[in-house]
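Tertiary structure, described
Listed here are the chains, written in short residue letters.
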Amino acid sequence: MEAQREAIVQLLEEVDGIKKSGIVYEYQKVANSWDAFIANFTTAQHKIHAWCVTRVSTNEVCHTNNETMRYYQWVIRGYLGLEDSKKSELAIQRTIENICKKFRQNINLLETARPGNDDNYNDIGIIQVTLIESRMFGSVLVHYVELGYRSKELNNDISLKE
């Protein structure tokens, strides 16, 4: 699972619209104050632009006598300062499409995940855009994005003790 998290972060860092102007965290950053939010989510260019990766669930099913298949559900959350005069809506939409394309081109998560659908899920390796909206953080309006991603890996650490 950790190798998959690292691969997700690496792919995000390579996406046009993020690689030059965004921050990617390997976990869900939180802030309990406005100052903390600004410190966590503001880039060196003084723009709110950050992405966070977190696993939200794991389903595990028997695969063979000594193997299971683990299905991870990930959520990628994006934050971009809303600047209507600079058409930031178009920028976030382009970035989302670039993310989707990047993950389609790396369906096996840089060799860390097993590609392909099976009887359990039909969305493995494909980004799902689940939410795009504007939200207030402190006194600032931002574009907020949630992307869903499902990956799978074979687990063979089952102990068959009798």
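Our subject is the structure listed above.
One structure accompanies this document, and this report is about it. Each residue is numbered by its place in its chain's sequence as written, counting from 1. Owing to the predicted nature of the model, reporting of local features is limited to residues with pLDDT of at least 70; listing and counting of side-chain atom pairs is limited to 80 or more, with chain, interface and lining totals taken over all residues. The side-chain quantities take in all heavy atoms of the structure and omit both hydrogens and water.

**Here we look at the overall build of the protein**
The helix and strand labels rest on DSSP assignments: H or I over at least four residues marks a helix, E over at least two residues marks a strand, and numbering proceeds from the N terminus. Within the protein, the secondary structure is distributed over 3 helices and 5 strands. Going from the N terminus to the C terminus, the protein shows its helices and strands as α-β-α-β-β-α-β-β. Projecting the C-alpha coordinates of the protein onto the three principal axes gives extents of approximately 65 × 30 × 25 Å. Type-normalised accessible area, obtained with a 1.4 Å probe on protein chains alone, sets the label of each residue: buried when under 20%, exposed when over 50%, and partly exposed for intermediate values. Buried positions account for 42% of the 162 residues belonging to the protein. Here, Shrake-Rupley sampling with a 1.4 Å probe gives the accessible areas, and only protein chains in the shown set may cover a residue. As displayed, the protein has an accessible area near 9100 Å², and 45% of this comes from carbon and sulfur atoms. Under this rule, positive means Lys or Arg and negative means Asp or Glu; His and the chain ends count for nothing. Charge positions are represented by NZ for Lys, CZ for Arg, CG for Asp and CD for Glu. Across the protein, the 19 positively charged side chains and the 22 negatively charged ones have centroids separated by 6 Å.

**Considering helix H3 (residues 88-104)**
Taking 1.5 Å of rise per residue, the 17 residues of H3 would be expected to cover 24 Å, and the 24 Å separating its terminal C-alpha atoms lies within 8% of that figure. Within the span of H3, buried status applies to Ser88, Ile92, Thr95, Ile96, Ile99, Cys100, Lys102 and Phe103. The buried side chains of H3 occupy one side of the element, clustering within an arc of 165° when seen end-on. Pairs of residues are marked as contacts when any of their non-hydrogen atoms sit within 4.5 Å. Along its buried surface, H3 packs onto helix H1 (2-13), strand S2 (49-64), strand S3 (67-81), strand S4 (128-137) and strand S5 (140-155). By this rule the span expected of a helix is its residue count minus one, scaled by 1.5 Å. By arc we mean the arc of the directions from the helix axis to the C-beta atoms, nothing more.

**A word on the pairing of S3**
It is a general feature of regular strands that their side chains alternate between the two faces of the sheet. A large share of S3 lies buried, amounting to 14 of its 15 residues. DSSP-based pairing: two strands are paired if at least 2 bridges between them are found. Bridge count between S2 and S3: 14 bridges; the pairing is antiparallel. When the bridges of S3 are listed, Arg55 appears paired with Trp74. Taking the residues that link successive antiparallel strands as the turn, the S2-S3 hairpin has 2 residues. As judged from the 14 bridges shared by S3 and S5, these two strands associate in the antiparallel manner. Residue Gln73 lies in a different strand from S5, and its bridge partner there is Arg150.

**Some remarks on the nonpolar core**
Counting residues in hydrophobic clusters, the biggest one holds 25 residues, and the most contacted among them are Ile8, Leu12, Trp51, Ile76, Ile99 and Phe103. Sorting the residues of this core by element identifies H1, S2, S3, H3 and S5 as the ones contributing at least two each. Counting 9 residues, the second largest nonpolar core, distinct from the first, contains Tyr25, Phe37, Phe41 and Ala50. The term nonpolar core refers to a set of buried residues drawn from Ala, Val, Leu, Ile, Met, Phe, Trp, Tyr and Cys, joined through side-chain atoms within 4.5 Å.

**Thoughts on unusual backbone geometry**
A positive phi angle is found at Lys87, which is not glycine, with a value near 55°. On the secondary structure map, Lys87 appears in the loop between S3 and H3. The class for Lys87 is exposed, based on a relative accessible area of 56%. We note that Glu111 has phi near 70°; this positive angle belongs to a residue other than glycine. Looking at where Glu111 falls in the secondary structure, it is placed in the loop between H3 and S4. What makes Glu111 exposed here is its relative accessible area of 68%.

**Describing the sheet that holds strand S1 (residues 23-25)**
Read from one edge of the open sheet, 5 strands run S1-S2-S3-S5-S4, paired in mixed fashion. Edge positions in the sheet fall to S1 and S4, since each has one partner strand and no second. Averaged over neighbouring strand pairs, the angle between their axes works out to 25° when direction is ignored. As paired elements, S4 and S5 share 9 bridges and run antiparallel to each other. If you follow Gln128 over to S5, its bridge partner there is Gly148. Lines are fitted to the C-alpha atoms to define the axes, a helix being fitted only along its stretch in contact, and any angle between axes, read from their N-to-C directions, falls within 0 to 180 degrees.

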